[in-house]
Amino acid sequence: MDTPKPAPSPVPPPGDGLVQVLDIDRSDHAYRRWLSTAVAKVHADANRSADTHLLSVPLPADWGVDLYLKDESTHPTGSLKHRLARSLFLYALCNGWIRPGRPVIEASSGSTAVSEAYFARLIGVPFVAVMARGTVRAKVELIEFQGGRCHLVDNPSEVYEAAARLAEETGGHYMDQFTYAERATDWRGNNNIAESIFRQMASERHPVPTWIVATAGTGGTSATLARYVRYAQATTGICVADPENSAFFPGWRDGDLGATTAAGSRIEGIGRQRVEPSFVPGAIDRMMRVPDAASVAAVRVLEKLLGRRAGASTGTGLWAAFRIISEMRESGERGSVVGLICDPGERYVEKYYADAWLREQGMDISPYLACLERFLQSGKLDCPGAESHRA
Ligand SMILES: *Cc1c(COP(=O)(O)O)cnc(C)c1O
C-alpha cells in the first residue's frame, strides 16, 4: 500500500513561543478501497439471505401454552453462528482489525468457525480455526469445505491462548468471539434474532412470549435477546439453559464470574469451562442446568415432533422449554414459549444420534425419554433432572 502521504505540517521555527503541531496521517486509500469492497460483500450476502422460520411445535391446543422454535439451522452455514460471524466480521472490518492478505483466526467449538470460514472466503482472507480435538469430524470437514484450515489442540481450555499465539505469529487477527459476540451484535434491532422473533410472533394468539429460552456458548444470543426485550419494554423473561460441566450456571447462581469447571462440555456449541466475557449475567432472568442425557433425549423427541434432527444444544433448550410449559400448565398460566433450533443434527449422527457414543459416555437417555413421552401426553414434566434458579 504505497499511498503518497500528504506533506507534513510546517514546523514553526523554535524559540517563537509556539508549540509544534504534531500531525500523523495514516490514510491508506488502497486499504480503504479494499475495506469498502469487503463490507459491501458482507452486506450483499445479508441482502441475499432470507429470515429464518419460526416453527410452531404441535402441542395440544387446550394446554393453553404454545411452543415455537426459531430455526437457525437454515442459515447458509447451518447454524445461529451465521448471524454472529456476519456481525463479528463487520465489527472487525470497521475497527480496522482485518487487513488484506492477513489471516483471521478463531477459537471455536466448530459452528462459529464454519460460518467465519465462509465470510473469510467471501472477503478473500485466509481463515484458521483453533478447536479441541474432540470436535466432531463433520465440522472440521465443513470448515475445510468453506476454505478454512483447522488447528486442533488437546485440551478445550487451550483454544484461546493457541488462537492468540497463532494470530501473533502470522500477523493475523484473533477474532475472539467469546469476548466480542455481545458487542458486535446490534441488540436494539436491525432484524437481529430477537426483533425477528417478535415480528414473527405478531399474529399468534400469545404474541408476546412469556419466556424465550436460549443456551450459551459465547453468551451473545442470550445477551441480544435479553437486552432487546428490556429495550422493547416487553414482559418476556429470558431463560438460559446450561449443560453439565459449564461454568455459566454456577457463575450466574453464585455471582462468581471467576467460576470454572474441570471438564469440557459434551454438548457441542454450549457450556464453557469459564464464564465467557460475552455472557451478560445481569440481563438474564433465569437459568436452568439440564443433564446432558436429558438434552440428548429432548433432541431425539424433537425429531418425532417436527420430523427433523438438530444438535444437542437444541435439546438442552427444548428440555428447559418443556419444563417451563409444565410449570405454566400447573399454575394455569396461558402464553407462549420460544426456543431455538441452533444447528442441524446431520453434524452429529456419530454422536448424539449414535447409541455407541451414548454407551461410551455411560449416558442413559431412556429415563428421560420416558419422562418426555409422559409429558407429551399429560403436559406435566414429572421427572427431576434440572436445577433451576431465577434472578
Ligand atoms: C454457539 C452455539 C450456541 C449458543 O450461542 P451463543 O450465542 O454463542 O451463546 C448454541 N448452540 C450451538 C450449536 C452453537 O454453536
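No experiment lies behind these values; they were computed from the predicted model shown. (Residues numbered from 1 in each chain as written. Predicted model: local features only at pLDDT ≥ 70, side-chain atom pairs only at ≥ 80, totals over all residues.)

Novice: So what exactly am I meant to see when it comes to the overall build of the protein chain here?
Specialist: Helices and strands together make up the secondary structure of the protein chain, namely 13 helices and eleven strands. Relative to the compact-globule value of 21 Å for 391 residues, the protein chain shows a C-alpha radius of gyration of 23 Å, a close match. Over its C-alpha atoms, taken along the principal directions, the protein chain stretches across nearly 90 × 45 × 40 Å. Here the protein chain, with 391 residues, has 46% of them falling under the buried criterion. (Helix = DSSP H or I, 4+ residues; strand = E, 2+ residues; numbered from the N terminus. Rg over C-alpha atoms; globule rule 2.2 N^0.38 Å. Buried ≥ 20, exposed ≤ 12 C-beta atoms within 10 Å, placed from the backbone.)

Novice: Is there a simple way to explain the pairing of strand β8 (residues 237-242) in this structure?
Specialist: Where a strand is regular, its side chains alternate between the two sheet faces. Burial within β8 is extensive, with five of its six residues counted as buried. Examined bridge by bridge, strand β7 (residues 211-215) and β8 share five bridges and lie parallel to one another. Following the sheet pairing, Thr-215 is matched in β8 by Ala-241. Crossover β7 to β8 through helix α8 (residues 220-231) is right-handed. Note that β8 and strand β9 (residues 286-289) share four bridges and pair parallel. Looking across to β9, one finds that Ala-241 is bridged to Met-288. Since β8 and β9 lie parallel, the crossover through helix α9 (residues 248-254) that links them has a hand, and here it is right-handed. (Pairing = 2+ DSSP bridges. Right-handed = clockwise from strand over helix to strand, strands pointing away.)

Novice: Mind showing me how you'd approach the nonpolar core here?
Specialist: Across soluble globular proteins, you tend to see nonpolar side chains buried next to one another. One finds Val-213, Cys-239 and Ala-298 to be the most contacted residues of the largest nonpolar core, which totals 104 residues. Ranked by the residues each element gives to this core, the list is headed by helix α11 (residues 312-331), at nine residues. Formed jointly, this core draws a minimum of three residues from each of two domains, domain 1 (50-75 + 187-390) and domain 2 (81-181). Residues contacting Cys-239, with those up to four places away along its chain left out, are Trp-211, Val-213, Asp-285, Arg-286, Met-287, Met-288, Ala-320 and Ile-324. (Core = buried A, V, L, I, M, F, W, Y, C linked by C-beta atoms within 7 Å. Domains from an automatic or database assignment. Contact = placed C-beta atoms within 7 Å.)

Novice: I would appreciate a short explanation of the site of the ligand in the present structure.
Specialist: In the vicinity of the ligand lie 19 residues, with Ser-111, Gly-217, Thr-221, Gly-269 and Cys-342 positioned nearest. If one sorts the elements of the shell around the ligand by residue count, α8 sits on top with three residues. Of the residues assigned to the shell around the ligand, the class counts are five nonpolar, twelve polar and two charged. Structurally, the shell around the ligand is a two-domain feature, drawing no fewer than three residues from each of domain 1 (50-75 + 187-390) and domain 2 (81-181). (Near = placed C-beta within 6 Å. Nonpolar A, V, L, I, M, F, W, Y, C, P; charged D, E, K, R; others polar.)

Novice: Explanation requested: the sheet that holds strand β3 (residues 104-107) in the structure shown.
Specialist: Neighbouring strands of a sheet are bound in pairs by backbone hydrogen bonds; such pairs are parallel or else antiparallel. Within the open sheet, the four strands sit side by side as β5-β4-β3-β6. Their pairing is parallel. Looking along the sheet, the strands with just one partner apiece sit at the ends: β5 (149-153) and β6 (173-174). As judged from the five bridges shared by strand β4 (residues 127-132) and β5, these two strands associate in the parallel manner. Along β5, the bridge assignment pairs Ala-132 with Val-153. Packed onto the sheet, helix α3 (residues 111-123) meets β3 and β4 and runs at close to 175° relative to β4. (Axes fitted to C-alpha atoms, helices over the stretch in contact; angles between N-to-C directions.)

Novice: Where do I start with the domain arrangement of the protein chain in this structure?
Specialist: A common measure of how large an interface is: the accessible area buried when the components associate. Along its sequence, the protein chain is carved into domain 1 (50-75 + 187-390) and domain 2 (81-181). Taken over C-alpha atoms, the centre of domain 1 sits 26 Å from the centre of domain 2. Between domain 1 and domain 2, the residue contacts involve 18 residues of the former and 17 residues of the latter. For the side of domain 1 that touches domain 2, the class distribution of residues is three nonpolar, nine polar and six charged.

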